[in-house]
Amino acid sequence: QVQLVESGGGLVQPGGSLRLSCEASGRIFSINSMGWYRQAPGKERELVAAITRGGDTNYADSVKGRFTISRDNTKNTVWLQMNSLKPEDTAVYYCNGRDFVAVDYWGKGTLVTVSS
């Protein structure tokens, strides 16, 4: 099993920044990609950004140029730097880890609220 623990959510004004962190533990050697998904009220969970063990990244079009995902394999941690936040970025953000046979692991989520 893999355990994922997120931190860094909170309330921020439009245009502000937040940095989310996710630390993995357990069978971490089995994890290939790590990423962030989000789910806003009344909407489906969607991919925000992902990064493979080798450093290849993938972003949702809505966050390109504003969010940056990074990863330190030695610390088993992935970060999501979120800049120029908009009210529509408000959601619960979930850390995801996917192993080499495409099994997904999830954190419990951290709430990000963008509001003045």
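Everything discussed here concerns the structure shown above.
Everything quoted here is computed from the prediction, not taken from an experiment.

K.L.:
Even after reading the chapter, I still don't get the overall build of the protein chain, so can you show me in this structure?
P.N.:
Helices and strands together make up the secondary structure of the protein chain, namely 0 helices and 11 strands. Seen in sequence order, the protein chain has helices and strands lined up from the N terminus as β-β-β-β-β-β-β-β-β-β-β. Relative to a compact globule of 116 residues, whose C-alpha radius of gyration would be 13 Å, the protein chain shows 13 Å and is just as compact. In terms of overall dimensions, the protein chain has C-alpha extents of about 40 × 25 × 20 Å along its principal axes. Sorting the 116 residues of the protein chain into buried and exposed places 42% on the buried side. By sequence separation, contacts in the protein chain at least 24 residues apart represent 54% of the contacts at least 6 residues apart. Here the protein chain has roughly 6200 Å² of accessible surface; of this, 49% comes from carbon and sulfur atoms.

K.L.:
Help me out: how do you make sense of the pattern of salt bridges in this one?
P.N.:
Between side chains of opposite charge, a pair can form when the charged atoms approach closely. Using the criterion set out here, one finds 5 salt bridges in the structure. Measuring nitrogen to oxygen at the nearest pair gives 3.1 Å for the salt bridge that ties Lys 64 to Asp 61. The structure contains a network of salt bridges with shared partners spanning Arg 38, Glu 46, Arg 66 and Asp 89.

K.L.:
Even after reading the chapter, I still don't get the state of the cysteines, so can you show me in this structure?
P.N.:
Each disulfide is one covalent bond, formed between the sulfur atoms of two cysteines. This model, assessed by the stated rule, comprises 1 disulfide. Through a disulfide, Cys 22 is tied to Cys 95; the S-S separation comes to 2.0 Å. Taking the sign of the torsion about the S-S bond as the criterion, the disulfide between Cys 22 and Cys 95, at about -85°, is left-handed. Here Cys 22, found in strand 3 (residues 18–26), pairs with Cys 95, found in strand 9 (residues 91–99); they are 73 residues apart in sequence, far enough to count as distant. We classify Cys 95 as buried; its relative accessible area is 0%.

K.L.:
Whenever I open this one, unusual backbone geometry confuses me. Can you help?
P.N.:
Phi is positive for Asn 76, which is not a glycine, with a value near 55°. Locating Asn 76 in the fold gives a position in the loop between strand 7 (67–72) and strand 8 (77–82). For Asn 76, a relative accessible area of 25% translates into the label partly exposed. A positive phi angle is found at Ser 84, which is not glycine, with a value near 50°.

K.L.:
Would you mind showing me how to read the sheet that holds strand 8 here?
P.N.:
By way of backbone hydrogen bonds, the strands of a sheet pair with one another, either parallel or antiparallel. Spatially, 4 strands are ordered 1-3-8-7 in an open sheet, and the strand pairing comes out antiparallel. The strands lining the two open edges of the sheet, one partner per strand, are strand 1 (2–7) and strand 7. The average angle at which neighbouring strand axes cross in this sheet is 15°, direction not considered. Summarising the sheet, strand 1 and strand 3 pair through 6 bridges and their orientation is antiparallel. Looking at the pairing, Val 5 lines up with Glu 23 of strand 3.

The rules behind the values
Residues numbered from 1 in each chain as written. Predicted model: local features only at pLDDT ≥ 70, side-chain atom pairs only at ≥ 80, totals over all residues. Heavy atoms only, no water. Helix = DSSP H or I, 4+ residues; strand = E, 2+ residues; numbered from the N terminus. Rg over C-alpha atoms; globule rule 2.2 N^0.38 Å. Buried < 20%, exposed > 50% of the residue type's maximum accessible area, 1.4 Å probe, protein only. Contact = heavy atoms within 4.5 Å. Areas by Shrake-Rupley, 256 points an atom, 1.4 Å probe, with all protein chains shown as cover. Salt bridge = Lys/Arg side-chain N within 4 Å of Asp/Glu carboxyl O. Disulfide = S-S within 2.5 Å. Pairing = 2+ DSSP bridges. Axes fitted to C-alpha atoms, helices over the stretch in contact; angles between N-to-C directions.

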